[in-house]
Amino acid sequence: MAEPATTSAVVRFGVFEVDLRAGELRKNGSKLKLAGQPFQVLAILLERPGELVTREELQKRLWPDTFVDVDHNLNTAINKIREVLGDSAENSRFVDTLSRRGYRFIAPVNGGVPIPKLPEAAIPLDRPKTRGRLFSSALVTTIVTIILAVSVVALSKTVFRTPSAPRILRFTRLTDDGQTKFGPLCTDGSRIYFNEVMRGPRSLIVQVPIKGGEVVPLSTPIKQPVVLDLSKEGTDLLVGNGDEGGTLWVQPVAGGSPRRVGTILAGAARFGPDGTSIIYGKGHDVYSMSMDGSSPRKLLTVDSTPLAFRFSPDARVFRFSQFDSVVESVTIMEASADGTRLRKMFEGLRGEWTSDGRFFIFEKMIDGRIDLWGLPEAKRFPWQKRNHSPIQLTAGPLSFADPSPSKDGKKIYAVGVSQRAEVIRYDSGNHQFVPYLSGISAEGLAFSQDGQWVAYTSYPDGMLWRSKVDGSERLQLTFRPLRRAFLPRWSPDGKQIAFNAIVPDASWNIFLVSSNGGTPQRILPSEQTQMDANWSPDGNSLVFGSVFVPNAPIYIIDLRSKRASPLPGSNGLFSPHWSPDGRQIAAITTERPRKLMLFDFSTHKWTELFGSEMGYENWSRDGKYIYFQDYHDHAPDVGYRIVRLRLSDRKVENVAELKNLGGLTGTFGDWFGLAPDDSPLFSRDISTSEIYSLEMEWP
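About the cut-offs
Per chain, residue numbering runs from 1 following the sequence as it is written. Under the rules for a predicted model, residues below a pLDDT of 70 receive no local features and side-chain atom pairs below 80 are neither given nor counted, while totals for whole chains, interfaces and linings still include all residues. Computation of side-chain values: all heavy atoms of the structure, hydrogens and water removed. Buried means the residue's accessible area, taken with a 1.4 Å probe over protein chains only, is under 20% of the maximum for its type, while exposed means over 50%, and partly exposed covers the values in between. Numbering of helices and strands runs from the N terminus; a helix is a DSSP stretch of H or I covering at least four residues, while a strand is a stretch of E covering at least two. Two strands qualify as a pair provided that DSSP identifies no fewer than 2 bridges between them. The axes are straight lines fitted to the C-alpha atoms, using for helices just the contacting stretch, and the angles between their N-to-C directions are given from 0 to 180°. A pair is scored as a salt bridge if a Lys or Arg side-chain nitrogen falls within 4 Å of a carboxyl oxygen belonging to Asp or Glu. Each cavity reported here is a set of points on a 1 Å grid over the protein atoms alone in which a 1.4 Å probe fits but cannot get out, each pocket an open set with protein on both sides within 12 Å along at least five of seven lines, and each lining residue one with an atom within 4 Å of a point. Grid points are joined across faces, edges and corners, and a volume is the space filled by probe spheres set on the points. Asp, Glu, Lys and Arg are counted as charged, while Ala, Val, Leu, Ile, Met, Phe, Trp, Tyr, Cys and Pro are counted as nonpolar; the rest, among them Gly, fall into the polar class. Stacked, edge-to-face and tilted labels apply to pairs of Phe, Tyr and Trp rings (six-membered ring for Trp) whose centres lie within 6.5 Å, assigned for plane angles under 30 degrees, over 60, and everything in between, in that order. Every residue pair with non-hydrogen atoms within 4.5 Å of one another is taken to be in contact. As used in this structure description, the phrase polar contact means that two N or O atoms lie within 3.5 Å; if the pair is within protein, one of them must be able to donate a hydrogen and the other to accept it, and residues adjacent in sequence are counted only when both atoms belong to side chains.

Right, let's get into the pairing of strand β17 (residues 268-271). Of the two faces of β17, the one holding Ala268 and Arg270 and the one holding Ala269 and Phe271 are both buried throughout. Where β17 meets strand β18 (residues 277-282), 4 bridges bridge the pair, whose relative direction is antiparallel. Paired with Ala268 across the two strands is Gly281, which belongs to β18. Adjacent in sequence and paired antiparallel, β17 and β18 are bridged by 5 residues, among which Gly275 carries a positive phi angle near 75°.

A few words on the sheet that holds strand β21 (residues 305-311). The antiparallel open sheet is built from 4 strands, whose spatial order is β21-β22-β23-β24. The outermost strands of the open sheet, each flanked by one partner alone, are β21 and β24 (343-347). For this sheet the average axis-to-axis angle between neighbouring strands, irrespective of direction, equals 30°. Judged from the 4 bridges that link them, strand β23 (residues 329-336) and β24 form a sheet pairing that is antiparallel. Paired with Ile332 across the strands is Phe346, a residue of β24.

Inspection of every chain in the model, using the stated rule, returns 37 salt bridges. Between Lys181 and Glu690 there is a salt bridge; the shortest N-O distance is 3.1 Å. Here Lys181 is found in strand β9 (residues 180-187), whereas its partner Glu690 is found in strand β55 (residues 688-697), with 509 residues between them in sequence. Here Lys181 and Glu690 have matching classes, each one buried. Taking the shortest distance from any N to any O, the salt bridge between Arg560 and Asp558 comes out at 3.4 Å. Its relative accessible area of 63% is what places Arg560 among the exposed residues. Ionic contacts of the salt-bridge type, sharing partners, join the residues Arg12, Glu17, Asp19, Glu24, Arg26 and Lys31 into one network.

Counting across every chain of the model gives 2 cavities of 30 Å³ or more. Its volume calculated, the second largest cavity comes out at about 30 Å³. Around the second largest cavity sit Ala308, Arg310, Arg319, Phe320, Ser321, Ile332, Leu349, Arg350, Gly351 and Phe360, which together line it. Of all the elements in the fold, those that place two or more residues in the lining of the second largest cavity are β21 and β22 (317-324). It is β22 that provides the largest number of residues to the lining of the second largest cavity, a total of 3 residues. Within the lining of the second largest cavity, the residues separate by chemical class into 5 nonpolar, 2 polar and 3 charged.

As a further point, take the packing of aromatic side chains. Tallying each qualifying case throughout the model produces 28 aromatic pairs. Look at Tyr436 and Phe447: their rings are 6.4 Å apart centre to centre, the planes differ by 70°, and that puts the pair in the edge-to-face class. Separated by 11 residues along the polypeptide, Tyr436 in the loop between β32 (432-435) and β33 (442-447) and Phe447 in strand β33 bring together distant segments of the chain. Look at Tyr436 and you get buried, because its relative accessible area is 17%. Pairing Phe544 with Tyr555 gives two aromatic rings, centres 5.7 Å apart and planes at 20°, and the pair type is stacked. Taken as a pair, Phe544 in strand β42 (residues 541-545) and Tyr555 in strand β43 (residues 555-558) lie far apart in primary sequence, 11 residues in all.

Looking at the element boundaries, Leu475 is found in strand β36 (residues 475-476). The sequence separation of Leu475 and Ser515 amounts to 40 residues, and the corresponding C-alpha distance is 8.9 Å. Setting aside residues up to four positions removed in sequence, Leu475 forms contacts with Leu464, Trp465, Arg466, Ser515, Asn516 and Gly517.

Taken across its 7 residues, strand β31 (residues 421-427) has 6 buried, putting it largely inside the fold. Looking at chain direction, β31 and strand β54 (residues 680-685) are connected through 5 bridges and run antiparallel. The partner of Ile424 across the bridge, within β54, is Phe682. Here β31 runs beside β32; their pairing, made up of 4 bridges, is antiparallel. Along β32, the bridge assignment pairs Ile424 with Pro435.

As for its placement among the helices and strands, Arg48 is situated in the loop between α1 (36-47) and β5 (53-54). A polar atom in the side chain of Arg48 sits 2.7 Å from the side chain of Glu57. Contact partners of Arg48, with chain neighbours within four places excluded, come to Val53 and Glu57.

As structure tokens, then:
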């Protein structure tokens, strides 16, 4: 790598200046918070303004002999730099990203213009005179030496160097039917099998040729089939039945009757590498059993739900994902085939080895986007250096999920997704669902008391925003490292917004932020999950619960003293909502079927209002009704309905049937809320997903 240019002590650009000796970034003379690796990255970019600084150069400068997730660290550092400078990747003013290559500083630099280092002067050497014969011998020796040196350099570049990164040459869309798709994708070398979701909702197993074409359903008598794996011979599919709580079946791809695999109920499963066993997850345990469902044997136990099992090509180890719903993290784990030597690998979801075992391709979500990454697994030559860091393969505009390398290793098949949600309102006058919030992709809408302002979570990146109800005067309120801002609630005076969010390696907590922007403050830092905060009518207290903690009570926080007190008799309840007059609190049971409960402050007693499966309760503006989702006795083609319960006589009235509405979405189930006029609001999933073939160039 070339020597970096030297710079003066202070570099200026726009209203900013960087003091390299002091390690400070200042704006108009005021010191900004930027230190550590982000500052080091900025300093390196400022050494060569306008020039590309590759990711490899940054790695060698910052982590020359350290095993780290370089891509993650660099992305974090660049995001921090942009956040402090008020920059963005989409409209760069300072730091420009060159996809999969590196970065460059693009703003004019007024102070500290790079001064190239001058080469040292050559030192003349006194050479003795030689005779012609000696000169000829020396010339031959020199030529041979040069040839040998060039050969060694060439050999080292091709054999001894660290292999270059894999890259995608082209994307080819294989399907175009507009249906929602999900994996795993399974291929026998001529076809790809995968899952589609139809209205109802109902699932289908479908297939498409590897070169693209018509999507054809696979005939099976299973009511809600979900393909889990394809046998090594390509003759049988392992299928789960969602209609029966996760029963497992083996379905011949040529058609015919499926056979059930014992009496096992499993959340995730896959054929074993020997073709005579099945590995599956149940609760927090991972089991292996025979193909007929007999001889189940527990291999290991993990902290949370195991899914997406994959065996290495040599069958010595298997990997799977561990999903922790409390902190919203997904980690790829690895264990030996017999369940021993369990260890954590890295953040990521579904993955699969290439057929030669040289790379492990997996998906990873950052800020609502899902991209494909590749982990180098094997070296082409034993003496080569190995790159231990995952390599990002895709970077937009589509998200890519469920990767499946082709049999010949030349391609990766994946689901390409453009994620978007449309907010819609139910107009009770004409019984129609109409667009709302000017087409902004969002969920979790909440309104100020005067009905003029709305707070919402952008979809799918999970950032908190506020705007006028017509979508104007938008202001972003949360930024990284906060993730998944959810269920905002306006204070009665309209000055603050309470919401739930996650910080890295922590559970859901409650935050407060000014409605005019600022730094969100965590109200009651805790390892225990805090969800669905709601204001008291006087604005002095917040009430919250936790669906993830068994038998946890509902708490009330006094914002003046910062003290939290449990609500009497509230153990096993969540989603507390204060009535507009402050006299009652509505909540839902954590145990199923979920029931609607009401607490009366005058009697300090709970009363059951609705005794069947329900969710997302909302008080009407006048406090006379509670609206909620009703899943009781619904027709299969309806899904569920929105009803309201009148407090005066406990009568339940039908409000809206969600028939032919299409797929809804939300962070926790299908989100439902109320507009200022009590009209039901929903987030309709208008994402598109198709199967793509990614042609690869491997190092």
